[in-house]
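# Examination of the molecular architecture
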Amino acid sequence: KNERALDYSFQPKVIPYREGEMRQIAAAMKPLFQKRNGRNLFVYGPSGVGKTAAVRHLIQELEEQTEEIVPFYINCWTKDSPFKMLLEMCDVVGYKFTQNKRTDELFGIVKGLISKKAAVFVFDEVDKLEDIDVIYNLIEEVYNKSIILVTNYKDWLDELDSRIRSRLMPEMLEFRPYNLSETRGILKQRMEYAFAANVFDEDAFEHVVQKTFSLGNIRSGLYLMKEAALIAEDRAAKKV
């Protein structure tokens, strides 16, 4: 019915079992609506436990609610240098004349374009950043903002430059692995998005649930469901 629903990047309408974590992220952003400085967050937990999905869901809601708060989502795996990050930020604010601009010039442009608004900066996979000076500059020179750092590694914060850590003063937010019931619920939600009713064999689905829970990573379950469906298609089977 919808193969995309089995991609981890797919955004369901509801993010189950992460209501508490999402409330804490939303609370960090809330002061921005009153034109005050927001709070900063350090979000950590193992891969495949919904950190990115929860943050991106809130960013999407923010975009729908107001134009007075500019959300920047940067994946530091692909945008791993200040220059690449700032090019992405320029794109978000609609600035196209980036050719032959230096990193400091791009920072000045972004800073100027959001100076009369508030901003949320999400740095996902922040441990992949080659240079964290841009975060220091954002802390020092941009007002009315929230900075959200997302990583799999709690100890990354301990290794952060003390001058940045002391200025950032982030709240800690842990995403714990899903339990068996939650794992089943999430995979069932995606199965309903992806497949017509009664296409996936119940025993096969439960096998996927158990395997996913043992690995502690929802991505593995989505991969198993997708591959099983493709094999069933190749066999012209009516059930997965």
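Just so we're clear, the structure is a prediction, and the values are computed from it rather than from any experiment. (Residues numbered from 1 in each chain as written. Predicted model: local features only at pLDDT ≥ 70, side-chain atom pairs only at ≥ 80, totals over all residues. Heavy atoms only, no water.)

This paragraph deals with the environment of E141. Positionally, E141 belongs in helix α5 (residues 133-141). For E141, a relative accessible area of 32% corresponds to the partly exposed category. Those residues in contact with E141 that lie beyond four places of it in its chain are F107 and K111. Polar contacts involving the side chain of E141 include one to the side chain of K111, which spans 3.1 Å. (Helix = DSSP H or I, 4+ residues; strand = E, 2+ residues; numbered from the N terminus. Buried < 20%, exposed > 50% of the residue type's maximum accessible area, 1.4 Å probe, protein only. Contact = heavy atoms within 4.5 Å. Polar contact = N/O pair within 3.5 Å; in protein donor to acceptor, adjacent residues only side chain to side chain.)

Positive phi outside glycine occurs at K35, with the angle close to 60°. In this fold, K35 is placed in the loop between α1 (19-29) and β1 (41-44). For K35, a relative accessible area of 61% puts it in the exposed group. Positive phi is not limited to glycine here, since N144 has a value of about 50°. When you line up the elements, N144 lands in the loop between α5 and β4 (145-151). Owing to a relative accessible area of 24%, N144 belongs among the partly exposed residues under this scheme.

Time to look at the nonpolar core. In this structure, I25, M29, V120, V122, I148, L187 and M225 are the most contacted members of the largest nonpolar core, which totals 43 residues. Leave out the neighbours within four places in its chain, and I25 touches L41, V55, L58, I148, L173 and F175. (Core = buried A, V, L, I, M, F, W, Y, C linked by side-chain atoms within 4.5 Å.)

Summed over the entire model, instances satisfying the criterion amount to two cavities of 30 Å³ or more. Considering only enclosed or pocket space, the largest cavity measures out at about 130 Å³ in volume. If you go around the largest cavity, the residues you meet are Y8, P12, I15, P16, G50, A53, Y178, I186, Q189, R190 and I218. Take the lining of the largest cavity: its biggest share by element is three residues, from helix α7 (residues 180-194). The class makeup of the residues in the lining of the largest cavity is eight nonpolar, two polar and one charged. Estimated volume of the second largest cavity: approximately 30 Å³. Counted by class, the lining of the second largest cavity contains three nonpolar, five polar and no charged residues. (1 Å grid on protein atoms, 1.4 Å probe; cavity = no way out; pocket = protein on both sides within 12 Å on 5 of 7 lines; lining within 4 Å. Points joined across faces, edges and corners; volume = space filled by probe spheres on them. Nonpolar A, V, L, I, M, F, W, Y, C, P; charged D, E, K, R; others polar.)

Glancing now at α7. Counted at 1.5 Å a residue, the expected span for α7 with its 15 residues is 21 Å, and the 21 Å between its end C-alpha atoms agrees. Among all positions of α7, only T183, I186, L187, Q189, R190, M191 and A194 are buried. On its buried face, α7 is in contact with α8 (202-215) and α9 (218-234). The opening residue of α7 is N179, an N-cap whose side-chain oxygen sits 3.1 Å from the backbone nitrogen of S181. (Expected span 1.5 Å × (residues − 1).)

Interaxial distance between α1 and helix α2 (residues 51-65) falls to 10 Å at its minimum, and their mutual angle equals 45°. When the interaxial angle is binned, α1 and α2 end up oblique. Of the two possible hands of crossing, α1 and α2 adopt the one that is right-handed. On α2, the residues touching M22, I25, A26 and M29 of α1 are A54, V55, H57, L58 and L62. For the contact of α1 with α2, the residue count by class is eight nonpolar, one polar and no charged. (Axes fitted to C-alpha atoms, helices over the stretch in contact; angles between N-to-C directions. Parallel < 35°, antiparallel > 145°, perpendicular 65-115°, else oblique. Left-handed = near helix turned anticlockwise from the far one by under 90°.)

Let us now look at the pairing of β1. With burial as the criterion, each face of β1 is covered, one bearing L41 and V43 and the other bearing F42 and Y44. Here β1 runs beside β4; their pairing, made up of four bridges, is parallel. When the bridges of β4 are listed, F42 appears paired with L149. Across four bridges, β1 lies against strand β5 (residues 171-174) in parallel orientation. Along β5, the bridge assignment pairs F42 with M172. (Pairing = 2+ DSSP bridges.)

What follows covers the packing of α8 against α9. Contact geometry of α8 with α9 gives a least axis separation of 8 Å together with a crossing angle of 150°. On the basis of the axis angle, α8 is roughly antiparallel to α9. As for the relative orientation of α8 and α9, their crossing is right-handed in sense. Along the contact surface, α8 presents F205, V208, K211, T212 and L215, while α9 presents I218, S220, G221, L224 and M225.

Just geometry here; none of it tells us what the structure is for.
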